Amino acid sequence: MIIKKIINYIYGYLRIVVEGYYIERFINICRNHNYMMWNIKKVNDINIALNIEIKHFKEICKIAKKTQCKISIKAKRGLPFFLNKYKKRKLFALFLIFVLATIFFSSRFVWNIEIVEESGLTIENIMEDIQEAGLKTGILKNDVDTKEIINKVRLERDDIAWMGIELKGTNAIVKLVKADKKPEIVDEDEYCHIVSDKNGVITKINAQDGTANVKVGDTVKVGDILINGWMEGKYTGIRYVHAKGEIEARVWYTMNKTIPYTTTEKQYTGNKETNYGIKINNFRINFPKGVSKFKFYDTIETENKIKLFSDFYLPISVVKMTYQQYEEIEKTYSVEQAKNLGIQEIEKELENQIENKENIVNKHINTYEHEDSIDIYITYEVQETIGTNEKIVF
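Bear in mind that the values here come from a model prediction, so they are computed numbers and not experimental data.

1. Considering the packing of helix 2 (residues 23–32) against helix 3 (residues 57–66)
1) Next: It is at 10 Å that the axes of helix 2 and helix 3 come closest, and there the two elements cross at 140°. In the crossing of helix 2 with helix 3, the sense of the turn from one axis to the other is right-handed. Judged by residue contacts, Arg 25, Phe 26, Ile 29 and Cys 30 of helix 2 engage Ile 60, Ile 63, Ala 64 and Lys 66 from helix 3.

What follows is the structure in structure tokens.
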């Protein structure tokens with residue numbers, strides 16, 4: 001039965017309604033000629049509905065005429081009618097085939113790299129290092145050696161505690177855990193010096209274990225030994241220890257800037273233009289143009305990759321370009337205004353570098369006026385605890 005239905009669908013068939021007073025005679029004649037009829041249903045006393053093969057339609061119409069019956073086609077079914085329906089849509093069909101083939105072909109490549117950083121900690125320039133290691137958009141998934149890429153990246157960086165790569169669809173998900181940068185901890189059982197980790201002038205030194213190598217008032221640089229990791233006794237001679245002690249120093253934070261008396265600043269007008277483009281891999285088309293009519297403007301560009309499913313990206317993206325207009329405004333400062341502006345900027349940047357501002361003990365400001373600008377130098381003196389352990393290598 002199923003085979004017959006499949007054959008009928010391949011060759012096509014008609015669902016017709018026969019109307020007349022001699023319907024039984026009509027059916028008998030058709031059967032005498034071995035014309036296949038099925039799914040016969042009585043509508044009323046003078047109407048029946050049935051299916052017939054396409055090839056016998058003309059002959060059946062002649063029989064209906066002889067038996068004074070009227071035939072109307074209710075439905076056309078089967079493959080011939082389906083193909084006839086879409087024969088005028090060949091371009092659409094070809095385009096559909098092309099799209100499907102493109103999707104199938106694209107599924108073999110990586111078209112997006114997603115960086116997932118745990119705890120929201122940003123790892124700078126990580127995308128460049130990942131691409132340098134071999135994971136790039138457009139690479140065949142079969143050519144992605146995740147272990148090799150992970151090893152290359154971790155060898156180049158010391159700020160990654162863990163890294164994993166997962167390929168899903170056409171998306172490469174790179175998961176990262178940032179390493180906490182901590183000073184090297186020297187085990188209590190190991191011999192070490194205490195060395196300076198900052199430039200400054202010693203204000204306090206108390207060697208608990210080891211021998212002080214500097215005294216109050218000495219100027220030290222980064223790397224200078226503050227407390228030696230050894231002690232010398234009259235009878236015991238030299239013995240090595242794990243140096244311990246308290247060291248404080250006045251540390252300097254210095255910065256300088258040049259502030260011109262006349263400068264050009266941006267003032268945004270609020271006017272914007274938006275253009276769009278399509279990017280296919282590395283090939284880009286802008287619509288309708290890629291240049292703004294504004295004389296002065298900033299360009300903000302965003303790129304959204306097209307994806308069919310959550311992790312199935314295509315090598316196609318929509319690029320949005322927003323042009324923000326601004327005017328160049330000339331601004332003139334007096335000597336005092338330029339001086340105050342420079343001091344404010346430098347102080348803000350310096351204070352961001354100092355962990356505890358209460359430890360600031362002095363501030364030096366020097367200015368040098370020129371014909372068109374002023375140079376400003378500011379130095380903060382800060383009382384800080386300094387020193388870090390350094391293992392003794394024999």
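2. What about the layout of surface pockets?
1) Next: The calculated volume of the largest pocket comes to roughly 280 Å³.
2) Next: Around the largest pocket sit 19 residues that line it, and Asp 197, Lys 198, Glu 384, Thr 385 and Ile 386 are the ones nearest its centre.
3) Next: Of all the secondary-structure elements, those providing two or more residues to the lining of the largest pocket are strand 15 (244–260), strand 21 (373–385) and strand 22 (388–391).
4) Next: With four residues, the top contributor of residues to the lining of the largest pocket is strand 21.
5) Next: Residues of the lining of the largest pocket, tallied by class, amount to six nonpolar, nine polar and four charged.

3. Some points on the nonpolar core
1) Next: Grouped together as the largest cluster of nonpolar side chains are 26 residues, with contacts concentrated most on Ile 202, Leu 226, Ile 247, Tyr 253, Leu 350, Ile 376 and Ile 386.
2) Next: Contributing elements (two or more residues each) for this core: strand 12 (225–228), strand 15, helix 8 (335–353) and strand 21.
3) Next: Considering each element in turn, this core owes the most residues, six residues, to strand 15.
4) Next: Judged by nonpolar contacts, the second largest core, of 18 residues, contains Leu 135, Ile 150, Met 163 and Ile 165.

4. Quick notes on helix 7 (residues 146–156)
1) Next: All of the buried residues in helix 7 are Ile 149, Ile 150 and Val 153. Mapping the buried residues of helix 7 onto a view down its axis gives an arc of 95°, with all of them on the same face. Of the residues in helix 7, the exposed ones pointing more than 90 degrees away from the buried face are Lys 147 and Leu 155.
2) Next: Each element contacted by the buried residues of helix 7 is listed here: helix 6 (126–132) and strand 6 (160–168).

5. What about a nonpolar patch on the surface?
1) Next: Where nonpolar side chains cluster on the molecular surface, the patch consists of Tyr 276, Ile 278, Ile 280, Phe 283, Ile 285, Phe 287, Ile 306, Ile 316 and Val 318 and spans about 730 Å² of accessible area.
2) Next: Listed by contribution, the elements that provide at least two residues to the nonpolar patch are strand 16 (262–280), strand 17 (283–287) and strand 19 (312–332).
3) Next: Secondary-structure assignment places Phe 283 in strand 17.

6. A short note on the sheet that holds strand 3 (residues 47–53)
1) Next: Judged by pairing direction, the sheet is antiparallel, and its four strands sit side by side in the order 2-3-1-4 without closing on themselves. Sheet topology places strand 2 (37–44) and strand 4 (70–77) at the edges, where each strand pairs with a single neighbour. The average angle at which neighbouring strand axes cross in this sheet is 25°, direction not considered.
2) Next: The sheet contact formed by strand 2 and strand 3 spans five bridges and is antiparallel. Each bridged residue has a counterpart across the sheet, and for Asn 44 the counterpart in strand 3 is Asn 47.
3) Next: In this fold helix 2 packs onto strand 1 (13–19), strand 2, strand 3 and strand 4, with an angle of close to 175° to the strand it touches most, strand 2.
4) Next: Across the sheet, helix 3 lies against strand 1, strand 3 and strand 4, angled at about 155° from strand 4, the strand it touches most.

7. A short note on helix 8
1) Next: The terminal C-alpha atoms of helix 8 lie 28 Å apart, and with 19 residues this matches the ideal 27 Å at 1.5 Å per residue to within 8%.
2) Next: Among all positions in helix 8, only Ala 338, Gly 342, Ile 343, Ile 346, Glu 347 and Leu 350 are buried. Projected down its long axis, helix 8 carries its buried residues within an arc of 155°, all on one side. Away from the buried face of helix 8 by more than 90 degrees, exposed residues Gln 344, Lys 348 and Asn 352 are located.
3) Next: Packed against the buried residues of helix 8 are strand 15, strand 20 (360–369) and strand 21.

8. Quick word on the pattern of salt bridges
Where charged atoms from two side chains of opposite charge come close, those side chains can pair.
1) Next: Overall, the coordinates contain 17 salt bridges when judged by the stated rule.
2) Next: Residue Glu 246 pairs with Lys 204 through a salt bridge whose shortest N-O separation is 3.4 Å. Remark: Lys 204 occurs in strand 9 (residues 200–209) and Glu 246 occurs in strand 15; sequence separation between them is 42 residues.
3) Next: Within this structure, Asp 129, Arg 157 and Asp 159 form a network of salt bridges that share partners.

9. A look at the packing of aromatic side chains
1) Next: Following the criterion strictly, the structure yields eight aromatic pairs and no others.
2) Next: Sitting over the face of the ring of Tyr 326, Lys 266 holds its NZ or CZ atom 4.7 Å from the ring centroid.

10. Examining the environment of Asn 44
1) Next: Mapped onto the elements, Asn 44 comes out in strand 2.
2) Next: For the pair Asn 44 and Glu 188, spaced 144 residues apart in sequence, the C-alpha to C-alpha distance is 105 Å.
3) Next: Engagement of the side chain of Asn 44 in a polar contact is seen with the backbone nitrogen of Ile 46, the distance being 3.0 Å.

How each quantity is defined
- Residues numbered from 1 in each chain as written.
- Predicted model: local features only at pLDDT ≥ 70, side-chain atom pairs only at ≥ 80, totals over all residues.
- Heavy atoms only, no water.
- Axes fitted to C-alpha atoms, helices over the stretch in contact; angles between N-to-C directions.
- Helix = DSSP H or I, 4+ residues; strand = E, 2+ residues; numbered from the N terminus.
- Left-handed = near helix turned anticlockwise from the far one by under 90°.
- Contact = heavy atoms within 4.5 Å.
- 1 Å grid on protein atoms, 1.4 Å probe; cavity = no way out; pocket = protein on both sides within 12 Å on 5 of 7 lines; lining within 4 Å.
- Points joined across faces, edges and corners; volume = space filled by probe spheres on them.
- Nonpolar A, V, L, I, M, F, W, Y, C, P; charged D, E, K, R; others polar.
- Core = buried A, V, L, I, M, F, W, Y, C linked by side-chain atoms within 4.5 Å.
- Buried < 20%, exposed > 50% of the residue type's maximum accessible area, 1.4 Å probe, protein only.
- Arc of directions from axis to C-beta.
- Patch = residues over 30% accessible without salt bridge, like charges linked within 9 Å, V, L, I, M, F, W, Y side chains within 5 Å.
- Areas by Shrake-Rupley, 256 points an atom, 1.4 Å probe, with all protein chains shown as cover.
- Salt bridge = Lys/Arg side-chain N within 4 Å of Asp/Glu carboxyl O.
- Pairing = 2+ DSSP bridges.
- Expected span 1.5 Å × (residues − 1).
- Phe/Tyr/Trp six-rings, centres within 6.5 Å; stacked < 30°, edge-to-face > 60°.
- Lys NZ or Arg CZ within 6 Å of the ring centre and 35° of its normal.
- Polar contact = N/O pair within 3.5 Å; in protein donor to acceptor, adjacent residues only side chain to side chain.

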